[in-house]
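Coordinate inspection notes
As a plain string of letters, each chain reads:
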Amino acid sequence: MSKGSDLLVAALENEGVDRIFGVPGEENLDVVESLRTSKIELVLTRHEQAAAFMAATHGRLTGKPGVCIATLGPGALNFSTGAAYAHLGAMPMILITGQKAIMTAKQARFQIVDVVASMKPLTKMTRQIVSAASIPSAVRDAFRVAMEERPGPVHLELPEDIASEEIEGIPLIPVHPLERPVADPGALDRAAAMILAAKRPLVMIGAAGNRPRLVEALSAFVRRARLPFFNTQMGKGAVTGGSNLYIGTAALSEGDYVHRAVEQADLIIAIGHDTVEKPPFLMKSAGGSKVIHIGYQSATVEQVYHPDAEVIGDIGATVTALADRLGGKLEADAHLLELRQKILARINDRAEEDRFPPTPQRIVHDVRKVMPEDGIVCLDNGMYKIWFARNYRTHVANTLLLDNALATMGAGLPSAMMAAMLNPGRRVMAVCGDGGFMMNSQEMETAVRLGLNLVVVILNDSAYGMIRWKQAVDGFPDYGMSFGNPDFVRYAQAYGARGSRVEAVEDLVPTLEAAFAGGGVHLVEVPIDYSE
């Protein structure tokens, strides 16, 4: 006789799930037993937050929801940051949590929290499964909702008595492809007319343009339309190849190098901009550049973003149709291309400066030097993210993963672990500040246990550097942002990893090369100078 947990696992297999990440508890034991005899691998992590970050990154890199599991109460609440990370970052993910029995109450209210209510603002959908017979439809609907635009997390709560309920003859629901609406031809015609009439049109690629399925369509659009383009932080790497039309990345909202081009443009074609990102530019209420919004959904109207025209529908189909209307009719503005050279020169300034501790520019330069074109760099959050967003050139899509939506600390190592699991033949590097690394450093044990090949770079300034910098900019005294650190080399060794410390600027590249050549998990500690 089958039980509810068997039906849940069969429904997950039906969706193509091959791994589940998490920290199971007593209320998940029926599910754990069903997993033991299934084709799905249970990847045990050392904290639920890391499991959620890994599942979210699976969704980000594959377009298919990653799945994570936790127990009730404290375990489920530890998913909260990961759920928000996926929700703001538009990453498809399924969170499964246990709960006490709903037909009896033998432990009264012990550990019971209303997890469904707590997940409501952090997910696209949250529901408790109240009968085993409803499991197939609940799972199919969860995957559909998670993958539909705008993608994101879905939460399912499975009480232990529903998991153990015996049941037979409940069929699974076949998976059906998602269909995305296409843009109205009239809207496409109007957008094309605005672009052809503009003197200095400029393309911006945002977070929603950086989906795995859009790589070919966006890359072809850039080639065919021949328009200069820049990207937001989360739009970085959406287009393959080193295009001579690429102007840069908006690492800040204003006053960055790329904003010289933004100020010169009379029309910005914003492809996939999602206003959950820190604004890549500040739109003026009058007298500034016109903006066309191209997206799966209408733009949210913000003080700093209120487009003049919209083309709503599947982005891949939209840019292909737009290229058909523009192909051969445009030449990139010579002034913007000249400005591009000046911007890139400024970005590369000081990239080979030999002072020690090294500057962020030098670290980005040296990391780029050791990473092949298809190598994947996963950033945590800190001051260095600005420099990687600005200076790190990508040549293959989805090879620089950063978070400019929730912008949480602690996600760098788990996201890199997921990237390494999905791409065992490619170089993968996590780049973390010392503060962010310590928030999930226990996952070093998980990485070692899984046998991953992964280099973890720790940028050590013994402080919460980004907030310390902002404190100084705002004129406050230096207070409350500094801390001590463990010996990171010995810390890595305690987990069964290897560790190295860079003690001269010229040693960074050979140390990183040796770390990759040695295989396994290798931590490299690098001091960093943010004094500028």
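Each remark here, short or long, concerns the structure printed above.
My aim in this report is to walk through the structure given alongside it, one point at a time. (Residues numbered from 1 in each chain as written. Predicted model: local features only at pLDDT ≥ 70, side-chain atom pairs only at ≥ 80, totals over all residues. Heavy atoms only, no water.)

1. Digging into a negative patch on the surface
Side chains of Asp 354, Glu 503, Glu 506 and Asp 507 sit close together on the surface and give a patch of like negative charge. Mapping Asp 354 onto the fold places it in the loop between helix H13 (334-348) and helix H14 (360-370). (Patch = residues over 30% accessible without salt bridge, like charges linked within 9 Å, V, L, I, M, F, W, Y side chains within 5 Å. Areas by Shrake-Rupley, 256 points an atom, 1.4 Å probe, with all protein chains shown as cover. Salt bridge = Lys/Arg side-chain N within 4 Å of Asp/Glu carboxyl O. Lys, Arg positive; Asp, Glu negative; His and termini not counted. Charge placed at Lys NZ, Arg CZ, Asp CG, Glu CD. Helix = DSSP H or I, 4+ residues; strand = E, 2+ residues; numbered from the N terminus.)

2. Re a nonpolar patch on the surface
Where nonpolar side chains cluster on the molecular surface, the patch consists of Ile 102, Met 103 and Val 130 and spans about 310 Å² of accessible area. Examined against the element boundaries, Met 103 turns out to sit in the loop between strand E4 (93-99) and helix H6 (115-119).

3. Describing the packing of helix H3 (residues 48-62) against helix H16 (residues 412-422)
As a packed pair, H3 and H16 sit with axes 8 Å apart at the nearest point and diverge in direction by 50°. Taken together, the axis directions place H3 and H16 in an arrangement best described as oblique. Judged by the twist between their axes, the crossing of H3 over H16 is right-handed. Listed contacts from H16 to Ala 50, Phe 53, Met 54, Thr 57, His 58, Leu 61 and Thr 62 of H3 are Pro 414, Ser 415, Met 417, Met 418, Ala 419, Met 421 and Leu 422. Its residues placed into classes, the contact of H3 with H16 shows 10 nonpolar, four polar and no charged. (Axes fitted to C-alpha atoms, helices over the stretch in contact; angles between N-to-C directions. Parallel < 35°, antiparallel > 145°, perpendicular 65-115°, else oblique. Left-handed = near helix turned anticlockwise from the far one by under 90°. Contact = heavy atoms within 4.5 Å. Nonpolar A, V, L, I, M, F, W, Y, C, P; charged D, E, K, R; others polar.)

4. A few points about the nonpolar core
Phe 21, Cys 68, Phe 79, Phe 437, Met 444 and Val 456 are the most contacted members of the largest nonpolar core, which has 50 residues in total. Within the second largest apolar cluster, 38 residues are counted, among which are Leu 188, Val 203, Ile 315 and Leu 326. (Core = buried A, V, L, I, M, F, W, Y, C linked by side-chain atoms within 4.5 Å. Buried < 20%, exposed > 50% of the residue type's maximum accessible area, 1.4 Å probe, protein only.)

5. Details of the packing of aromatic side chains
What the rule picks out here adds up to eight aromatic pairs. Note on Phe 437 and Tyr 491: the rings are 6.3 Å apart at their centroids and 75° apart in plane angle, and the pair reads as edge-to-face. Of this pair, Phe 437 sits in helix H17 (residues 434-439) while Tyr 491 sits in helix H20 (residues 488-494); the two residues are 54 residues apart in sequence, bridging distant segments of the chain. Judged by relative accessible area, which is 1%, Phe 437 ranks as buried. Members of the aromatic cluster, joined through ring pairs, are Phe 437, Phe 488, Tyr 491 and Tyr 495. (Phe/Tyr/Trp six-rings, centres within 6.5 Å; stacked < 30°, edge-to-face > 60°.)

6. Let's talk about the environment of Phe 79
With respect to the helices and strands, Phe 79 occurs in the loop between helix H4 (73-77) and helix H5 (80-89). By relative accessible area, which is 0% here, Phe 79 ends up buried.

7. Structural notes on the side chain of Thr 71
Its place among the elements puts Thr 71 in the loop between strand E3 (66-70) and H4. Residue classification places Thr 71 among the buried positions, given a relative accessible area of 13%. Here Glu 27 takes part through its side chain, which lies 2.8 Å from a polar atom of the side chain of Thr 71. Contact partners of Thr 71, with chain neighbours within four places excluded, come to Val 23, Gly 25, Glu 26, Glu 27, Asn 28, Ala 76, Thr 97 and Gly 98. (Polar contact = N/O pair within 3.5 Å; in protein donor to acceptor, adjacent residues only side chain to side chain.)

8. Digging into the pattern of salt bridges
As enumerated under the stated definition, the model contains 24 salt bridges in all. With a shortest N-O distance of 3.3 Å, Glu 445 and Arg 46 are connected by a salt bridge. With a gap of 399 residues between them, Glu 445 in helix H18 (residues 443-449) and Arg 46 in the loop between strand E2 (41-44) and H3 connect regions that are remote in the sequence. Judged by relative accessible area, Arg 46 falls into the partly exposed class, the value being 48%. Put simply, Arg 46, Glu 445 and Arg 449 are held in one network by salt bridges that share partners.

9. Remarks on the pairing of strand E17 (residues 498-501)
Strand residues, when the strand is regular, have side chains that alternate between the two faces of the sheet. In this sheet, strand E18 (residues 521-527) lies alongside E17 in parallel orientation, the contact comprising four bridges. Note on E18: the bridge partner recorded for Arg 498 is His 522. A crossover links E17 with its parallel partner E18, the connecting element being helix H21 (residues 508-518), and its sense is right-handed. (Pairing = 2+ DSSP bridges. Right-handed = clockwise from strand over helix to strand, strands pointing away.)

10. Describing the packing of H14 against H21
Interaxial distance between H14 and H21 falls to 9 Å at its minimum, and their mutual angle equals 40°. As far as their axial angle goes, H21 and H14 are oblique. Where H14 crosses over H21, the two elements pack in a sense that is right-handed. Contacts between H14 and H21 involve Ile 363, Asp 366, Val 367, Lys 369 and Val 370 from the first element and Leu 508, Val 509, Leu 512, Glu 513 and Phe 516 from the second. Taken together, the residues of the contact of H14 with H21 sort by class into seven nonpolar, no polar and three charged.

11. Regarding the environment of Pro 177
Looking at the element boundaries, Pro 177 is found in the loop between helix H8 (160-163) and helix H9 (185-197). Its relative accessible area of 60% is what places Pro 177 among the exposed residues. For Pro 177 and Ile 271, which are 94 residues apart along the polypeptide, the C-alpha to C-alpha distance reads 24 Å.

12. Observations regarding the sheet that holds strand E7 (residues 201-205)
If you trace the six strands from one edge of the open sheet to the other, you get E9-E8-E7-E10-E11-E12, paired in parallel fashion. The open sheet terminates on both sides in strands that have one partner only, identified here as strand E9 (246-249) and strand E12 (309-312). The average angle at which neighbouring strand axes cross in this sheet is 20°, direction not considered. Looking at chain direction, E7 and strand E10 (residues 267-271) are connected through five bridges and run parallel. Note that in E10 the partner of Val 203 across the bridge is Ile 269. Here helix H12 (residues 315-326) sits on the sheet in contact with E10, strand E11 (290-295) and E12, set at roughly 130° to E11.

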